Amino acid sequence: MIEGDRVSACRSCGARVIWATSEKSGKALPIDVERVPFRGSIVLRHEVAGEPPVAHYTSKDERAALKAAHERSPEEHRPFALFQSHFASCPSAARWRTGPPAGTTGR
Ligand SMILES: [Zn+2]
């Protein structure tokens, strides 16, 4: 359900990314369009229509709960895959990253 205006290409590597707003910092955050099953730590929430989605970093407990829900009813919760920051996967992230490493927190 995430397409259109929100998807653009990374200027460094050309990968398709979604621009979201980081829940923590309020800053724009590029998110990989392709979700990786059983990896990633970000849930995108569409809180305001017409605004970028909000990137919520899940905690370990939240991920465990999501995984458990998926295992109980795979049809409702499929696929079990979260988003990851493009900072984590961009081959040239080191060149253009300006903030602290994404996805390194969580308790
Ligand atoms: Zn990139």
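Just so it is clear, the structure is predicted and the values come from calculations on it, not from any experiment.

(A) Structural context of helix α1 (residues 60-72). Its 13 residues place the ends of α1 18 Å apart at the C-alpha level, agreeing with the 18 Å of an ideal helix rising 1.5 Å per residue. Burial of α1 is sparse: only zero of the 13 residues sit out of reach of the surface.

(B) Spatial organisation of the pairing of strand β6 (residues 54-57). Sheet topology note: the strand β2 (residues 16-22)/β6 ladder contains two bridges and is parallel. Across the sheet, T21 pairs through a bridge with V54, a residue of β6.

(C) Representation of the environment of P53. Locating P53 in the fold gives a position in the loop between β5 (42-45) and β6. The spatial distance from the C-alpha of P53 to the C-alpha of A28 is 9.9 Å, given a sequence separation of 25 residues.

(D) Just the nonpolar core, in detail. Core analysis: the biggest nonpolar cluster contains ten residues, these being V17, I18, A20, L29, I31, I42, L44, A55, L82 and F83. Taken together, the elements giving at least two residues each to this core come down to β2, β3 (28-32) and β5. The element contributing the most residues to this core is β2, with three residues. Among residues more than four places away in sequence, those in contact with A20 are L29, I31, L44, P52, P53, V54 and A55.

Parameters and conventions
- Residues numbered from 1 in each chain as written.
- Predicted model: local features only at pLDDT ≥ 70, side-chain atom pairs only at ≥ 80, totals over all residues.
- Helix = DSSP H or I, 4+ residues; strand = E, 2+ residues; numbered from the N terminus.
- Expected span 1.5 Å × (residues − 1).
- Buried ≥ 20, exposed ≤ 12 C-beta atoms within 10 Å, placed from the backbone.
- Pairing = 2+ DSSP bridges.
- Core = buried A, V, L, I, M, F, W, Y, C linked by C-beta atoms within 7 Å.
- Contact = placed C-beta atoms within 7 Å.

Honestly, it's all geometry; don't read function into it.
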